[in-house]
Amino acid sequence: MTIHNDAVVRLAQPSDCATIADYNCRIAKETEDLELDKDTVVAGVGAILQDPSKGRYYVVEVGGHDAPVAQLMITLEWSDWRNAQVWWVQSVYVHPEHRRRGYYRLLYQHVREAAKHEGVAGIRLYADTGNAKAHSTDIQSRGVNAAVLTYIANSLFAVYLPIYWVNLRLRERVAARRRASQEEAALVPAGSNPSDAMVQPLAAQSSKDLPDMTWRQLLRSALLVGPLWYLAQLTFNLSLAHTSVTSNTVLSSTSSLFTFLISVWVLHEVFNVKKLLCILLLIAGTAVYTLADTTSSGDGARGTFWGDMLVLVSAVLYAAYTVAIRKALSDDEHVSMALFFGLTGSVIFLGLGPLLLLLWLAGVGLGTFTWKTFGLVVAKGLLDNVLSDYLWARAILLIGPTVATAGLSMQIPFAVLLDVLFRSPAWLSRALPAVLTFTGGGLILAGFLGINLSSEEEAKDQAAQDELHEVASHCELEGLAEPYERGEGEGAPLQLPLPREGPVLERSLPGYHEKP
């Protein structure tokens, strides 16, 4: 028996049969939209409670409640390779009113201790590979502290350093071979036309082999971005155990709003009311979709105030390091993202490692750790951090922080589309969840398209301004005596004055003309 605050984990008794059977029917309805025969389920649960060789149930009791609020079943499998039993975790269910309170963690820790005591070779549990939140929650339920989980996952960015250096050496070899071939081609045989052997200057080609930003500049950028990145990930991981799925998803989507506002402040992005309304539309669509998911699954769990605050802090920090990446780095063609991420991972590893070590030596609980949980953390870090965040960061440089952040919400409409095409989701057969799902997805799609159209208009305006500045600079160099003049009438084009001496300015902007 495990006791934690007012929660008690114990083996299920025959008196729990009706509650467990009810929970199993709820699992089938929520996950697969199946209506199980209640009498058959009651008989199946009773068979396990009467014969421990078939399996066993663990339940969580909470003071003030007559029935258990959570359950977990294990079935037994004999492993001839290990000459020992393996336990499979199944039928996990937490009552909607008691979710996000750590009861699954209590159940898992209790089962793990029981398995150690009975000499079990291992515990196995399946989780969907695409559910990053579920993997993070499951890893933390195994006793891994959120700070350690975040530290390891983000330190793995350092793997990009050897990748960068190997790639650099390969490019240098290719460049050396190109120079050698050009030198051979430059040896013109007697009697041939020298113009046939003309080659491009070597310096012009080899200058493209190295990024314009030096590693020192990228290191300074990593020192700025690294701490913000770690704190954003840490606050999000901490919030998972203290918020409902609904509030976590909706509050996380506010990062697009914070990114836009910080971009206006730091990057001098144009404050566009149309873009702001599209961002709010995107957040509203996420809220509607999440409401549909909650209605369909019956997840009525409520998060705590501080859990919701952690999500908001995470959204603000996310916006901060997103804008910091765009501010610190130049465009995608002049920076090595592999080197930047490698240095960022090294900053996190070397900067926070000693601090965590001191906390551990001081007796601060950082959770329990096994090689198996370490492997899970590394696998999560490589897939969820190292690969996906690298591609997302390149998108920031290519299309800007606001559009890149808004684009993350597009996973919802794509998920809805794939769900309809390749599966028969439970929500599709219910009127209210189906209407809410399609409405939410449509709002997200409309908001994202509106943000992109607004950004394209701003880009065109900026291009016109840049061209105008270029002409102005050229006029100044030509010695023009008068400023720009606008023709008569509303919307008349600007007129460029003649230079004091010299030829008339030949180049003009579309829609502009020289003053006669």
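Treat the numbers as computed from the prediction; the structure is a model and nothing was measured. (Residues numbered from 1 in each chain as written. Predicted model: local features only at pLDDT ≥ 70, side-chain atom pairs only at ≥ 80, totals over all residues. Heavy atoms only, no water.)

> Looking at this structure, how should I read helix H13 (residues 337-361)?
Helix length check: H13, at 25 residues, gives a terminal C-alpha distance of 36 Å against a target of 36 Å (1.5 Å per residue), a fit within 8%. Maximal helix bending in H13 amounts to about 35°, located at Leu 352; proline Pro 354 follows within four positions. Backbone geometry just downstream of H13 places Gly 363 in the positive-phi region, at approximately 90°. (Helix = DSSP H or I, 4+ residues; strand = E, 2+ residues; numbered from the N terminus. Expected span 1.5 Å × (residues − 1). Bend = angle between axes of the 7 residues up to and from the residue.)

> Can you walk me through the packing of aromatic side chains in this structure?
How two aromatic rings sit relative to each other is given by the distance of their centres and the angle of their planes. For the structure shown, the criterion picks out 17 aromatic pairs. For the pair Phe 157 and Phe 341, a centre-to-centre distance of 5.0 Å together with 55° between the ring planes defines the contact as tilted. You can see Phe 157 sitting in the loop between helix H5 (146-155) and helix H6 (160-186) and its partner Phe 341 sitting in helix H13, a full 184 residues away along the chain. Each member of the pair Phe 157 and Phe 341 is classed as buried. Ring pairs connect the aromatic residues Phe 157, Tyr 160, Trp 229, Tyr 318, Tyr 321, Phe 340, Phe 341, Tyr 390 and Trp 392, which therefore count as one cluster. (Phe/Tyr/Trp six-rings, centres within 6.5 Å; stacked < 30°, edge-to-face > 60°. Buried < 20%, exposed > 50% of the residue type's maximum accessible area, 1.4 Å probe, protein only.)

> I tried to follow the environment of Leu 376 on my own but got confused; where do I start?
Along the chain, Leu 376 turns up in helix H14 (residues 371-399). Measuring from C-alpha to C-alpha, the distance between Leu 376 and Leu 149 comes to 10.0 Å, with 227 residues separating the pair along the chain.

> I keep staring at the pairing of strand S4 (residues 70-79) and nothing clicks. Help me out?
Along any regular strand, the residues point their side chains to alternate faces of the sheet. Counting buried residues along S4, seven of its ten residues qualify, which places the element largely inside the surrounding structure. Bridging between strand S3 (residues 56-62) and S4 involves five bridges; their strand directions are antiparallel. In the strand pairing of S4, Val 60 is matched with Ala 70. Here S4 runs beside strand S5 (residues 84-94); their pairing, made up of nine bridges, is antiparallel. When the bridges of S5 are listed, Met 73 appears paired with Gln 90. (Pairing = 2+ DSSP bridges.)

> Is there a simple way to explain a nonpolar patch on the surface in this structure?
On the surface, a nonpolar cluster with roughly 460 Å² of combined accessible area is contributed by Leu 261, Phe 271, Val 273, Leu 277 and Leu 280. The greatest single-element share of the nonpolar patch, amounting to three residues, is contributed by helix H11 (residues 273-297). (Patch = residues over 30% accessible without salt bridge, like charges linked within 9 Å, V, L, I, M, F, W, Y side chains within 5 Å. Areas by Shrake-Rupley, 256 points an atom, 1.4 Å probe, with all protein chains shown as cover. Salt bridge = Lys/Arg side-chain N within 4 Å of Asp/Glu carboxyl O.)

> I keep staring at the packing of helix H8 (residues 215-239) against H13 and nothing clicks. Help me out?
When two helices pack together, their arrangement is captured by the angle between the axes and the distance separating the axes. Relative to each other, H8 and H13 sit at 55°, their axes nearing to 8 Å. Between H8 and H13, the angle is such that the two are oblique. Viewed along their axes, H8 and H13 form a crossing whose handedness is right-handed. Residues Trp 215, Leu 218, Leu 219, Ser 221, Ala 222, Leu 223, Val 225, Gly 226, Trp 229 and Tyr 230 of H8 lie in contact with H13, whose contacting residues are Leu 339, Phe 340, Phe 341, Leu 343, Thr 344, Val 347, Ile 348 and Leu 352. Residues of the contact of H8 with H13, tallied by class, amount to 15 nonpolar, three polar and no charged. (Axes fitted to C-alpha atoms, helices over the stretch in contact; angles between N-to-C directions. Parallel < 35°, antiparallel > 145°, perpendicular 65-115°, else oblique. Left-handed = near helix turned anticlockwise from the far one by under 90°. Contact = heavy atoms within 4.5 Å. Nonpolar A, V, L, I, M, F, W, Y, C, P; charged D, E, K, R; others polar.)

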